[in-house]
Amino acid sequence: MGSLPFFFTFAELEVGQHLYWQFGNLRIHGQVFLTSWIVIGALLALVVVGTKKMERDPQGVQNLLEFLWDYIRDLARTQIGEKVYRDWMPFIGTLFLFIFVSNWGGALVPWRLIHLPSGELGAPTADINTTVALALLVSLSYFYAGLSNKGLRYFEYYVHPTPIMLPFKIVEDFTKPLSLSFRLFGNILADELVVAVLVFLVPLVLPVPVMFLGLFTSAIQALIFATLAAYYIGEAVEEHH
Amino acid sequence: MNLPLILASEGFGLNLNLFETNVLNLAVVIFGLYKFLPNFLGGMLERRRKAILLDLEDAEDRLQEATNALEKAKQELSSAEQKASQIRSDCKSRAEAIRLESEKRTVEEMARIKQGAASDLNAEASRVSTQLRREAARLAIEKALETLPGKLDKVSQSKFLTDSINNMGEG
């Protein structure tokens, strides 16, 4: 970048740079951990503050949390079904809130004010490792949900309408986490990159509508991830007749 | 790109470049959200709160109503119980009275029947004795009529007449 002409040097753009932490043989993307901890801390603080003094008249944070609870319950109930949605509501809610707050935190908090030795802070979900971890958790969850609810009869699902479906269903077990993780990661990273490139090219005004659009898609992505996770779990526990 | 980049190679720090950190645009976006979100989300939350409060009020009203109804029902129950116990005691006394009455009547009836049977027996006995007497008299007369024509002659008739006249004189 140093060799670029002066008018290109209002901002700097770097991709694929990470703040590496070394744990034994593992090289960990430190900036993702930092922002994740901040997101988790913010969520915990919100929940603790909102539930510390519960009243019958829901006000302020309590009202917001109850609203979110209602929203997540409706989501889980429509996708998973009346019978077992209660077991999976905490998981779906955690996914939704973590992804939503990560996305919005990445888009709204001026992370770049904090300068790291390498890489930059941003939404944890803009890192493929985070989204893969979440998607694998979803995979484990729906397997567990299916097996714990139906036992070995869960595998009837693989040959459900006809045994011809078997290879497709097996492939689906791999494509589900793949599509979940890539969709979320791609959308969030693309949002961040579009904004970064625009800021790099036109520092003022023009990025604003794109940033609003990014907020919108971020929220949608969180909803899509949570809904699909719930749908997969619902599919696994569904009774075929 | 000058000062921040020097910092960048140093490690953790603050980047205060307004353009590079996109702070101005972020400020606009956050301000916009601050302007619109409270209207949107706040309206939604407020409506939710109102609905909940309304529900609560409704539930409280219904609780009150139900409590009143329960109170009323309890009162009715106690009065009904009272009435029931009264009816029960009435019934008991009436049953007692009826029992006594019927006992008395039975005893009377029995006495009456016994009496009737005795009088029937007496009447029958007297009727039978009367009949027997009549029969005996009839037989005696028949026998007398049978034997009389042979036995009766002038001497015995005059003797009989004399005896009868004597008897009449004695009588």
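One numbering rule holds for all chains: residues counted from 1, following each sequence as written. Lettering for chains starts from A, numbering for ligands starts from 1, and both go in the order in which the items are written. Per-residue local features are limited, in this predicted model, to residues with pLDDT of at least 70; the limit for side-chain atom pairs, both in listing and counting, is 80 or more; totals at the level of whole chains, interfaces and linings are taken over all residues.

1. Concerning the packing of helix α3 (residues 85-108) of chain A against helix α6 (residues 207-237) of chain A
All names here are of chain A. For helices, the fitted axis covers only the stretch in contact; all axes are lines through C-alpha atoms, and the angles between them, taken along N-to-C directions, range from 0 to 180 degrees. Helix and strand assignments come from DSSP, with helices taken as H or I runs of at least 4 residues and strands as E runs of at least 2, each series counted from the N terminus. The interhelical angle for the contact between α3 and α6, taken along N-to-C directions, is 165°, at an axis separation of 9 Å. Between α3 and α6, the interaxial angle falls into the category roughly antiparallel. Between α3 and α6 lies a crossing whose hand is right-handed. Together, W88, I92, L95, F96, I99, F100, N103, W104 and A107 of α3 and M211, G214, L215, S218, A219, Q221, A222, F225, A226, A229, A230 and I233 of α6 make up the contact between the two elements. Throughout this description, any angle smaller than 35 degrees is read as roughly parallel, any larger than 145 degrees as roughly antiparallel, any in the 65 to 115 degree range as roughly perpendicular, and the remainder as oblique. With the far helix as reference, a near helix turned anticlockwise by less than a right angle produces a left-handed crossing, and one turned clockwise produces a right-handed crossing. Placing a C-beta atom from the backbone of each residue, one calls two residues in contact when those atoms lie within 7 Å.

2. Focus: unusual backbone geometry
A positive phi angle, near 65°, is found at A:V205, a position not held by glycine. Within the element layout of this structure, A:V205 appears in the loop between α5 (166-201) and α6.

3. What to know about the confidence of the model for chain B
Close inspection of predicted coordinates is inappropriate in any region flagged by low pLDDT. All names here are of chain B. Scored from 0 to 100, pLDDT reflects the predictor's confidence in each residue. A residue-level look at chain B finds 94% of positions with pLDDT of 70 or above and a mean pLDDT of 86. Within chain B, the element-level pLDDT minimum falls on helix α1 (residues 3-8), averaging 44, and the maximum on helix α2 (residues 23-151), averaging 91. Under the prediction, the complex receives an ipTM of 0.74, its pTM being 0.72.

4. Re the pairing of strand β1 (residues 20-23) of chain A
Where β1(A) and strand β2 (residues 26-29) of chain A come together, four bridges link them in antiparallel fashion. Across the sheet, residue A:F23 finds its bridge partner in β2(A), namely A:L26. At least two DSSP bridges between two strands are required for those strands to pair.

5. So, the nonpolar core
In this description, a nonpolar core means buried residues of the types Ala, Val, Leu, Ile, Met, Phe, Trp, Tyr and Cys, linked to one another by C-beta atoms lying within 7 Å. Three exposure classes are used, based on other C-beta atoms lying within 10 Å of a residue's own C-beta, which is placed from the backbone: buried for 20 or more, exposed for 12 or fewer, and partly exposed in between. Counting 44 residues, the largest nonpolar core has A:I92, A:L95, A:F96, A:A226, A:A229, A:A230 and A:I233 as the members making the most contacts within it. Those elements giving two or more residues to this core turn out to be α2 (60-80), α3, α4 (128-150), α5 and α6 of chain A together with α2 of chain B.

6. Considerations on the interface of chain A and chain B
Interfaces are often sized by the accessible area lost when the parts come together. Chain A puts 26 residues into the contact, and the matching count from chain B is 26 residues. Residue assignment for the side of chain A that touches chain B shows that the elements contributing at least two residues are α2, β3 (114-115) and α6 of chain A. Three residue categories are used. Nonpolar comprises Ala, Val, Leu, Ile, Met, Phe, Trp, Tyr, Cys and Pro, charged comprises Asp, Glu, Lys and Arg, and polar comprises the others, including Gly. For the side of chain A that touches chain B, the residue count by class is 18 nonpolar, four polar and four charged. Pairing between β3(A) and strand β1 (residues 13-14) of chain B: two bridges, direction antiparallel. Paired with A:H115 across the strands is B:G13, a residue of β1(B).

7. A closer look at the environment of A:T217
Residue and element names in this part refer to chain A. Tracing the backbone shows T217 in helix α6. Taking C-alpha positions, T217 is 25 Å from W88, a pair spaced 129 residues apart along the chain. Ignoring sequence-local partners within four residues, the contact set of T217 consists of N187 and D191.

8. Some details on the packing of α2(A) against α3(A)
All names here are of chain A. Across the interface, α2 lies against α3 with an axial gap of 9 Å and an inter-helix angle of 125°. For the element pair α2 / α3, the angle class is oblique. Note that α2 runs across α3; the crossing there is right-handed. Residues I72, R73, L75, A76, R77 and I80 of α2 form the contact with α3, whose participating residues are Y85, W88, M89, I92, G93 and F96.

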